[in-house]
Amino acid sequence: MSCPHLRIIVTGSGTDEVTILEAIASGAKGYVDAAASPADFVKAIRIVSQGSVWASRRVLSMFVERAASSPGSIFFAGRVIFTDREKEVLEMLVRGRSNKEIGATLGIEVRTVKAHVAKLLRKIGVQNRVELSIHAVTHSLVSFPKQN
């Protein structure tokens, strides 16, 4: 039975990546490690209760690495077209880079990075960076270099 209206956050200790990814793929709206701080739990609950998805950078990184093994990538979803700069920002965001790191790498101000991220969120129709990253990976919106 599918219950998309439920907003479930999975928590665990030392849970392996496959279990976490299966939980999220099965409909969990987030994962918080049992060792996380109370502030992280509150943040996760707040974000999930607002209808968004929550995962730590570590969990998101695992998800991205697994999805990166799928070949093929494009930079549009339906009729949504991205500028070259938006593509660069999205790729770095999916790799877990902070606004400051993205700005330093691209030679732009942090506020400019924030503006690009906000525009990407609107174009895709998601609420936060985690949802944007998951959407980008699951819809092959980013390309990943081959690893040796």
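Residues numbered from 1 in each chain as written. Predicted model: local features only at pLDDT ≥ 70, side-chain atom pairs only at ≥ 80, totals over all residues. Heavy atoms only, no water.

### Regarding the nonpolar core
Right, so step 1: The biggest cluster of nonpolar side chains holds 33 residues, and the ones touching the most others in it are Val59, Leu90, Val94, Ile102 and Leu132.
Right, so step 2: Broken down by secondary-structure element, the contributors of at least two residues to this core are α1 (17-25), α3 (57-68), α4 (84-94), α5 (99-106), α6 (110-124) and α7 (129-138).
Right, so step 3: Residues within four places of Leu90 in sequence aside, it is in contact with Leu120, Leu132, Ala136, Leu141 and Val142.
Right, so step 4: Core analysis: the second largest hydrophobic core is formed by five residues, Val32, Ala44, Ile47 and Trp54 among them. (Core = buried A, V, L, I, M, F, W, Y, C linked by side-chain atoms within 4.5 Å. Buried < 20%, exposed > 50% of the residue type's maximum accessible area, 1.4 Å probe, protein only. Helix = DSSP H or I, 4+ residues; strand = E, 2+ residues; numbered from the N terminus. Contact = heavy atoms within 4.5 Å.)

### Some thoughts on the pattern of salt bridges
Note that side chains of opposite charge can pair when their charged atoms are close.
Right, so step 1: For the structure on display, the rule yields four salt bridges.
Right, so step 2: In this structure, Arg85 and Glu88 form a salt bridge, with 2.9 Å as the shortest nitrogen-oxygen distance. Here Arg85 and its partner Glu88 are both found in helix α4, three residues apart, which amounts to about one turn of the helix.
Right, so step 3: Here Lys119 makes a salt bridge to Glu86, at a shortest N to O gap of 3.9 Å. With Lys119 in helix α6 and Glu86 in helix α4, the pair connects residues that are 33 residues apart, well separated along the chain. (Salt bridge = Lys/Arg side-chain N within 4 Å of Asp/Glu carboxyl O.)

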